[in-house]
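Structural characterization, general
Each chain is listed here by its residues.
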Amino acid sequence: MKTLQYREALREAMSEEMRKDKSVFLLGEEVAEYNGAYKVSQGMLDEFGPKRVIDTPIAELGFAGIAVGASMNGLKPIVEFMTWNFAILAADQIINSAAKMLQMSGGQYHCPIVFRGGNGTAGQLAATHSQSFEAFYAHVPGLKVITPSNPADAKGLLKSAIRDEDPVVFLESEKMYGDKGEVPEGEYLIPIGTANIKRKGQHVTIVSFGKIIKIAEEVAEILAKENIEIEIIDLRTIRPIDYGTIVESIKKTNRCVVVEESWPLASISSEIAYHVQRYAFDHLDAPVLRVTQTDTPFAFSPTLIEEALPSKEKLIDAIKHVLYA
């Protein structure tokens, strides 16, 4: 094992796959000369050269379209968006081209492409730069959607995403690039579609993903002092969702709280709550509760930010509610 920052784990995943497969290349705004907006691609231009680490104009729709075409012709692009908020401009290429190409071509064209970049809230960036896009892209058949919560998962899942023959949306928290964690050395992949039980417990199942997992882990430590044992499931992959792991956990704990950094309507937590009541209803001793961002555009004010986001206090209240404590 070795200790890497989240950004270093992503860089290592991309570099290893680019050394292994010459059809893999990286393109996006400032990925080459500037070493990436968040320094994820630092040093990659020097190793792989300007034909495989490509600075693009500020034109998300344009370079995403180039990548889709390249992926249909034998190459494996990694598209870095400076933030997924900017990728709204490329939604046509992601949703109407990459996601649908296999079906529309009658199986003739796969799109082995990874769209990746910063996602979710990151300090005082206000409403148009603070959105979480898991539910937005998970709604689309033909896409796989991944949100890692730590450096090890970031590396293992990104390598799997690059090798996948179909388009993958890879969502990274802007607040986690400097996070450190242990990463296995050598060849290391995590299969897409497999959740991780981060902590075992018997009283309540917490389901979450991305940086909110850290809040769940802090809450578990707090409540352990009150003899409340929390089981934490890190989804890792948002499409496909590992429903089986969730259901098996609820058969043991009989209670479920879902936490996510996004709006409540048509959310990932809505989908999980439906699936739990459909396939684990007889095992529930309390209604499934959700802890989400408030149903408003994100604010600039620190006070309003704190009020809007999921927090340890809100999660503790939800857990005690389902425990009737």
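Along every chain, residues carry numbers that run from 1 in the direction the sequence is written. With pLDDT at 70 or above as the cut-off, local features in this predicted model cover only qualifying residues; side-chain atom pairs require 80 or more to be listed or tallied, and sums for whole chains, interfaces and linings still use all residues. The basis for every side-chain value is the complete set of heavy atoms in the structure, and neither hydrogens nor water enter the calculation.

Lines fitted to the C-alpha atoms define the axes, with helices restricted to the stretch that makes contact. Angles between their N-to-C directions range from 0 to 180 degrees. Helix and strand labels come from DSSP, where a helix needs a run of H or I of at least four residues and a strand needs a run of E of at least two; each type is numbered from the N terminus. Close contact between helix α1 (residues 6-20) and helix α7 (residues 151-163) brings their axes to 8 Å; oriented N to C, the two are set at 30°. Classified by the angle between their axes, α1 and α7 sit roughly parallel to one another. The chirality of how α1 crosses α7 is right-handed. Taking contact as the criterion, the partners of Y6, A9, L10, E12, A13, M14, E16, E17 and K20 in α1 are, on α7, P151, A154, K155, L158, K159, I162 and R163. Of the residues belonging to the contact of α1 with α7, the class tally is nine nonpolar, no polar and seven charged. Any angle from 65 to 115 degrees is called roughly perpendicular, while one under 35 is roughly parallel, one over 145 is roughly antiparallel, and all others are oblique. Should the near helix be turned anticlockwise from the far one by less than a right angle, the crossing is termed left-handed; should it be turned clockwise, right-handed. When checking whether two residues touch, look at their non-hydrogen atoms; a contact exists if any pair is within 4.5 Å. Each residue is assigned to one class: nonpolar for Ala, Val, Leu, Ile, Met, Phe, Trp, Tyr, Cys and Pro, charged for Asp, Glu, Lys and Arg, and polar for all the others, Gly among them.

The peptide bond linking R239 to P240 adopts the cis configuration, its omega dihedral lying at 5°. In this structure, N227 takes a positive phi of about 65° despite not being glycine. Looking at the element boundaries, N227 is found in the loop between α8 (212-224) and β11 (230-234). Looking at N227, the relative accessible area reads 64%, which means it is exposed. Even without glycine at this site, N254 takes up a positive phi of about 70°. Here the term buried applies to any residue with accessible area under 20% of the maximum for its type, exposed to any over 50%, and partly exposed to those in between, with areas from a 1.4 Å probe on protein chains only.

It is worth spelling out helix α10 (residues 268-279) at this point. Here α10 spans 16 Å end to end across 12 residues, near enough to the 16 Å set by a 1.5 Å rise per residue. Looking only at α10, the buried set comprises I268, S269, I272, A273, H275 and V276. With its buried residues spanning 165° around the axis, α10 presents them on a single face. Considering only its buried residues, α10 is in contact with α6 (134-138), β10 (204-208), β12 (237-239), α9 (243-253), β13 (256-259) and β14 (289-291). Expected span of a helix: the number of residues minus one, times 1.5 Å. Picture the helix axis, draw a direction to every C-beta atom, and the arc is the one those directions span.

The next subject is the sheet that holds β14. At least two DSSP bridges between two strands are required for those strands to pair. Across the sheet, which stays open at both edges, the five strands sit in the order β9-β11-β10-β13-β14 with mixed pairing between neighbours. Strands with a single pairing partner mark the edges of an open sheet, and in this sheet they are β9 (196-199) and β14. Strand-to-strand twist of the sheet, defined as the mean angle between neighbouring strand axes without regard to direction, takes the value 25°. The pairing of β10 with β13 spans three bridges and is parallel. The residue bridging V207 from the neighbouring strand is V258, located in β13. Sheet contacts for α8: β9, β10, β11 and β13; angle to β11, the most-contacted strand, approximately 170°.

Summarising the element assignment, I213 is placed in helix α8. Sequence-distant contacts of I213, defined by excluding residues within four places in its chain, comprise S149, K198, S208, I232, I233 and D234.

Next up on the list: the pairing of strand β5 (residues 114-119). Summarising burial for β5: six of the six residues are buried, a large majority. As judged from the four bridges shared by strand β4 (residues 76-81) and β5, these two strands associate in the parallel manner. Bridge pairing in β5 links V79 to F115.

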